[in-house]
Amino acid sequence: DSHWLTEARLKGAKTVAVTVEYSATATKCDDVIVIRPGTDPAFALGLAQVMIQEKRYNADFVKRYTDLPALVRMDTLERLKASDVFAGHKDAESKNWTHVVHKGEPVPPTVKQNATYVADYIAKEFADFVVWDAKAKAPVAITRDQLGEHFAKLNIDPALTGTFKMKTVDGKSIEVRPVFDLTKQYLDANMTPDKVEKVSWAPKKATVQLARDIAASQGRTLIACGMGPNQFWNNDNKDRALFLVLALA
């Protein structure tokens, strides 16, 4: 991968190495942030905390392309399903992003798949979810297909923060909050730059500056991390944290 890094620098890209040692790659980068081994997820969540706290995230992208506006039930801490609040609701059949594979149906090779292929027995896990429309001040059911360019057609403004009350189809009164709001609460309580510094040893200033640089790139940040760590148990948390950072940018 060396030539990609070199060519990017020649074209003006700023490069930052986040590493546990002063590696050969680090010597070629503009900035180097050395962290304790195994603290990558905490460091990445620290970046996300800064981006949200300083309102440097791309709200439009977050609303159109992520599940961060999805509502969560405070009584069960499970995602609110459309069928929970809309009587007689039937989940829409996906046509754009997801293909449900029924028993006995052949699955094309990966290179020929133009959607997410999901086995029918777990399709219920992709049930329509609910967001709170700040315009109408009411809940709205959303399908997996209504993302990106399709989302604009709904003409709604999903709330990212707040607590909302509603009744379920069985008459129960519940409170719900967006995933974004719950994530913000967790990050503010546990992953501020000061706390991340104690966990990862990354200087507070380094965390804040990198978060601001990523936000300023407006979606043009590439985080290159090897597959090696993913061979070990629970290391997908590292990637989930990085995905959150990139989703915010």
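Residues numbered from 1 in each chain as written. Predicted model: local features only at pLDDT ≥ 70, side-chain atom pairs only at ≥ 80, totals over all residues. Heavy atoms only, no water.

Notes on the overall build of the protein chain
- When you go through the protein chain residue by residue, the secondary structure sums to 8 helices and 9 strands.
- With respect to the principal axes defined by its C-alpha atoms, the protein chain has extents near 60 × 45 × 35 Å.
- Residues counted as buried form 35% of the 249 residues belonging to the protein chain.
- Of all intrachain contacts in the protein chain linking residues separated by at least 6 positions in sequence, the fraction that spans at least 24 positions is 58%.
- Within the structure as shown, the protein chain displays about 15300 Å² of accessible surface, and the carbon and sulfur contribution to it stands at 53%. (Helix = DSSP H or I, 4+ residues; strand = E, 2+ residues; numbered from the N terminus. Buried < 20%, exposed > 50% of the residue type's maximum accessible area, 1.4 Å probe, protein only. Contact = heavy atoms within 4.5 Å. Areas by Shrake-Rupley, 256 points an atom, 1.4 Å probe, with all protein chains shown as cover.)

Notes on empty space enclosed by the protein
- According to the stated counting rule, one finds 1 cavity of 30 Å³ or more in the structure shown.
- The computed volume of the largest cavity comes to approximately 40 Å³.
- What lines the largest cavity is Lys63, Thr66, Pro69, Phe129, Val131, Ile142, Gln146, Leu147, Phe151 and Pro158. (1 Å grid on protein atoms, 1.4 Å probe; cavity = no way out; pocket = protein on both sides within 12 Å on 5 of 7 lines; lining within 4 Å. Points joined across faces, edges and corners; volume = space filled by probe spheres on them.)

A closer look at the environment of glutamine 218
- The residue glutamine 218 is located in the loop between α7 (204-216) and α8 (236-248) in this model.
- Judged by its relative accessible area of 61%, glutamine 218 falls in the exposed class.
- With 204 residues separating them along the chain, glutamine 218 and lysine 14 place their C-alpha atoms 14 Å apart.

Things to note about the pattern of salt bridges
- In the structure shown here, the tally under the stated rule is 16 salt bridges.
- Among the ionic pairs, arginine 56 bridges to glutamate 54, the shortest N-O distance being 2.5 Å.
- You can call arginine 56 partly exposed: its relative accessible area is 36%.
- Exposure remark for glutamate 54: the relative accessible area of 30% places this residue in the partly exposed category.
- Ionic pairing is found between arginine 64 and aspartate 60, a salt bridge with its closest N-O pair at 3.1 Å. With arginine 64 and aspartate 60 both in helix α3 (residues 59-65) and 4 residues apart, this pair spans about one turn of that helix.
- You can call arginine 64 partly exposed: its relative accessible area is 23%.
- The network of salt bridges with common partners includes Arg73, Asp75, Asp84 and Lys172. (Salt bridge = Lys/Arg side-chain N within 4 Å of Asp/Glu carboxyl O.)

Topic: unusual backbone geometry
- With a phi close to 70°, tryptophan 201 is a non-glycine residue in the positive phi region.
- Backbone geometry places glutamine 218, a non-glycine residue, at a positive phi of 55°.

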